[in-house]
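Summary of the model geometry
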Amino acid sequence: VDNTFAQSLAARIQEHCFEYLDAPVRTIGSVSTPAIPLNSVLEQTMIPSIEKVQATIENLLALNFIEFNAVVKNSLILCLGLNEHD
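Residues numbered from 1 in each chain as written. Predicted model: local features only at pLDDT ≥ 70, side-chain atom pairs only at ≥ 80, totals over all residues. Heavy atoms only, no water.

A separate point is the overall build of the protein. Tallying secondary structure elements over the protein gives three helices and zero strands in all. Secondary structure elements of the protein, listed N to C terminal, follow the sequence α-α-α. Of all 86 residues assigned to the protein, the portion counted as buried reaches 5%. Summed over its atoms, the accessible surface of the protein is roughly 7300 Å², and 62% of this surface lies on carbon and sulfur atoms. (Helix = DSSP H or I, 4+ residues; strand = E, 2+ residues; numbered from the N terminus. Buried < 20%, exposed > 50% of the residue type's maximum accessible area, 1.4 Å probe, protein only. Areas by Shrake-Rupley, 256 points an atom, 1.4 Å probe, with all protein chains shown as cover.)

Below, the discussion takes up the confidence of the model for the protein. Averaged over every residue, the pLDDT of the protein is 76; the share at 70 or more is 71%. Mean pLDDT across the elements of the protein bottoms out in helix H3 (residues 50-80) (71) and peaks in helix H1 (residues 5-17) (88). (pLDDT = per-residue confidence, 0-100.)

Locating Phe5 in the fold gives a position in helix H1. C-alpha of Phe5 to C-alpha of Thr27: the two residues are 22 residues apart in sequence and 10.0 Å apart in space.

Together, Phe5, Leu9 and Ile13 give the surface a local cluster of nonpolar side chains, amounting to about 310 Å² of exposed area. With respect to the helices and strands, Ile13 occurs in helix H1. The exposure class assigned to Ile13 is partly exposed, which follows from its relative accessible area of 33%. (Patch = residues over 30% accessible without salt bridge, like charges linked within 9 Å, V, L, I, M, F, W, Y side chains within 5 Å. Salt bridge = Lys/Arg side-chain N within 4 Å of Asp/Glu carboxyl O.)

Structure, rendered in structure tokens:
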């Protein structure tokens, strides 16, 4: 996804709404190729599918969950005055 409207929109959201975001803005689109392949297998590889979108969303949610757990753990350590190893 290079130089697309979606990237431009994502950049504006990132710039103007950064403090309200819980996760980074991601763009999902077709794979960059010089032309649309005529071969049906290559065409299916290039075009976004439900599985590709689902995998991207799951990765984003997993990343956000991992970061959330780290923040909660660090907050508890600070609040309770514990060492990281306790």
